[in-house]
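One letter stands for each residue in the lines below.
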Amino acid sequence: MTRHTHRIAIAPSGFKESLPAARVAEAIAAGVRRVIPDAELDLIPLVDGGEGTAEALALAGGGRLVPVTATGPVGDPVASHFALLGGGATPGPLTAVVEMAAVAGLALVPPDRRHPGATTTYGVGELIRAALDAGARRILVGCGDSGTSDGGAGALQALGARLTDRHGRELRPGGGSLHELEHIDPSGLDPRLADADLLVACNPYNVLCGKRGVARVFGPQKGATPAEVELLSAGLERLAAVLTRDLAPASGATALDLRTAPGTGASGGLGAGLASVGARLLPRYDVLLDGLDLDARLARADFVITAEGALDHQTVRGKIPAEVARRAQAAGIPVLVLAGTIGPGAQDVRAVGVDAYSAILPAPMTLGEAIGRSGEFLADATERAMRIMALGSRLASVAPGAPVAPVAA
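How each quantity is defined
- Residues numbered from 1 in each chain as written.
- Predicted model: local features only at pLDDT ≥ 70, side-chain atom pairs only at ≥ 80, totals over all residues.
- Heavy atoms only, no water.
- Helix = DSSP H or I, 4+ residues; strand = E, 2+ residues; numbered from the N terminus.
- Buried < 20%, exposed > 50% of the residue type's maximum accessible area, 1.4 Å probe, protein only.
- Contact = heavy atoms within 4.5 Å.
- Areas by Shrake-Rupley, 256 points an atom, 1.4 Å probe, with all protein chains shown as cover.
- Lys, Arg positive; Asp, Glu negative; His and termini not counted.
- Charge placed at Lys NZ, Arg CZ, Asp CG, Glu CD.
- Pairing = 2+ DSSP bridges.
- Expected span 1.5 Å × (residues − 1).
- Salt bridge = Lys/Arg side-chain N within 4 Å of Asp/Glu carboxyl O.
- Core = buried A, V, L, I, M, F, W, Y, C linked by side-chain atoms within 4.5 Å.
- Right-handed = clockwise from strand over helix to strand, strands pointing away.
- Axes fitted to C-alpha atoms, helices over the stretch in contact; angles between N-to-C directions.

With respect to the overall build of the protein
Move 1: Helix and strand counts for the protein stand at 13 helices and 13 strands.
Move 2: Seen through its C-alpha atoms, the protein measures out along the principal axes to roughly 85 × 55 × 35 Å.
Move 3: Taking all 409 residues of the protein together, 51% fall into the buried category.
Move 4: Long-range pairs, those at least 24 residues apart, make up 71% of the contacts in the protein between residues at least 6 apart in sequence.
Move 5: With an accessible surface of roughly 17600 Å², the protein has 55% of that area assigned to carbon and sulfur atoms.
Move 6: Of note, the protein has its 37 positive side-chain charges centred 2 Å away from the centre of its 42 negative side-chain charges.

What follows is the structure, given as structure tokens:
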């Protein structure tokens, strides 16, 4: 009788400020092989628009990274990049992938400068202009891991719009000045935007304003005090109103409610800012997973392992483990989630198809040590999970009272 080879799909996200998705997948694979050396593994590192998106899509699509020095989130120059896909013999327009985290991500904001009222997306606009300079006419902006809450105001300024207060003065960088916004002059916008297909890959759960507005949900994570959260919320309300009045009509984007439409709150409101100049806000996985044949690859597996840095109440609101579990559940495939930390609301993932989840840290430790050893901890945690599963399988296959064969070393 032919022995069945275990087929395991490994489809994780990256661990923020620690490991990219490809290295997470490799660490999990190493842990699996300690227990099932002959397992058939399908490594499917996934991105959500945040850190590593441009590089991952460049590798998957045969593209290349283009280095750019641009304005970082606290105003200092940073070494950034965008990806170019297509061109040459490849049919269709040249496509650029602009990863906002590569120029305005939280990882680029020093801990002592995490004041979202002052951070800017100006560098995102600079990357979009650089992509246009390179000949791209289809630009995909990946949203995620942002360190900003300026509603995309900085990006619009870099693209040529003038945002002014009631005295006609240009607004200061950051969301903290948006409540002073009086007028937006679109006359200086880069004219090439009119002929470009600007796509924003975003989490549709994130909206700009209201009770679940982006300032209230994510502002505290970016360093905002309760008072700053209210100031940011008021500023984004003001921005939405002025964008709708002054900028959206020029681009034909008047049909979109910039306050509450899905994705308008992406990356601190960058979604709304770009939508006001004609960008299409698209559910990120519809865009980013295109070409991976993910559903078929999950369906071929006996078991799926996914992972993320923090498993909590936000996971079910569009994070990679929830998306993987939802797709695997449709095919009847069991799912294990490994996480750096487990927080309140983690149990909600069972509703979207997660069968089990586990934290990878073996003991209390500093954040620096956890980040530095995350690959080691992932491999070890995977091994532990696989041994527990192997033991459960043996228990299920023996008659009551019969000895249980040991799990292989």
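Remarks on the pairing of strand β12 (residues 335-342)
Move 1: Where burial is concerned, most of β12 is hidden: six out of the eight residues are buried.
Move 2: Bridge analysis of strand β11 (residues 303-311) against β12 gives seven bridges, and the strand direction is parallel. The residue bridging A307 from the neighbouring strand is L338, located in β12.
Move 3: Bridge analysis of β12 against strand β13 (residues 356-359) gives four bridges, and the strand direction is parallel. Residue pairing for β13: V337 is matched across the bridge by Y357.

Quick word on helix α4 (residues 122-133)
Move 1: The first and last C-alpha atoms of α4 sit 17 Å apart over 12 residues, in line with the 16 Å expected at 1.5 Å per residue.
Move 2: Those residues of α4 that fall on the buried side of the exposure criterion are G123, V124, G125, L127, I128, A130, A131 and L132.

Looking at the environment of A21
Move 1: Assignment of secondary structure puts A21 in helix α1 (residues 21-35).
Move 2: Taking the C-alpha atoms as reference, A21 lies 7.0 Å from V47; in sequence the two are 26 residues apart.
Move 3: Non-local contacts of A21, meaning those with residues more than four positions away in its chain, are made with P12, S13, G14, P45 and L46.

Quick word on the environment of A307
Move 1: The residue A307 is located in strand β11 in this model.
Move 2: Residues A307 and A25 lie 282 residues apart in sequence; the distance between their C-alpha atoms is 8.6 Å.

Quick word on the pattern of salt bridges
Move 1: Scanning all chains against the criterion turns up 24 salt bridges.
Move 2: In this structure, R297 and D42 form a salt bridge, with 2.7 Å as the shortest nitrogen-oxygen distance. Highlighted residues: R297 in helix α10 (residues 294-299) and D42 in strand β2 (residues 40-43), separated in sequence by 255 residues.
Move 3: Under the relative-accessibility criterion, R297 is labelled buried at 18%.

Focus: the side chain of T382
Move 1: The residue T382 is located in helix α13 (residues 374-397) in this model.
Move 2: In contact with T382, other than residues within four places in its own chain, are I28, G31, V32, I305 and L338.

Structural notes on the nonpolar core
Move 1: In this structure, F82, V124, I128, I139, V141 and L274 are the most contacted members of the largest nonpolar core, which totals 62 residues.
Move 2: Per-element accounting of this core gives the leading share, eight residues, to helix α7 (residues 226-251).
Move 3: I8, L338, I360 and M386 belong to the second largest nonpolar core, which has 25 residues in total.

A short note on the pairing of β2
Move 1: Where strand β1 (residues 7-10) meets β2, four bridges bridge the pair, whose relative direction is parallel. Across the sheet, the residue bridging to A9 is D42, located in β2.
Move 2: For the segment spanning β1, α1 and β2, crossover handedness is right-handed.

A short note on the sheet that holds β13
As a general point, the strands of a sheet are linked pairwise by backbone hydrogen bonds and lie either parallel or antiparallel.
Move 1: Taken in spatial order, the five strands of this open sheet run β2-β1-β11-β12-β13, and their pairing is parallel. Where the open sheet ends on each side, the last strands, each with one partner, are β2 and β13. Averaged over all pairs of adjacent strands, the angle between their axes in this sheet comes to 20°, without regard to strand direction.
Move 2: Packed onto the sheet, α1 meets β1, β2, β11 and β12 and runs at close to 170° relative to β2.

Some words on unusual backbone geometry
Move 1: Unusually for a residue other than glycine, S267 sits at a positive phi of about 50°.
Move 2: A residue is classified by how much of its surface remains accessible, and S267, at 7% relative accessible area, is buried.
Move 3: Residues other than glycine seldom take positive phi values, yet D293 does so here, at roughly 55°.
Move 4: Mapping D293 onto the fold places it in the loop between α9 (284-288) and α10.

Notes on the side chain of Q314
Move 1: Note that Q314 resides in the loop between β11 and α11 (320-330).
Move 2: Relative accessible area serves as the criterion here: at 8%, Q314 is assigned to the buried category.
Move 3: Non-local contacts of Q314, meaning those with residues more than four positions away in its chain, are made with R212, V217, F218 and K319.

Focus: the environment of A215
Move 1: Within the secondary structure, A215 sits in helix α6 (residues 214-218).
Move 2: Exposure remark for A215: the relative accessible area of 1% places this residue in the buried category.
Move 3: Between the alpha carbons of A215 and A322 there is a distance of 23 Å; along the sequence they are 107 residues apart.
Move 4: Residue contacts for A215: discarding those within four places in its chain leaves P220, V229, L232, S233 and L236.

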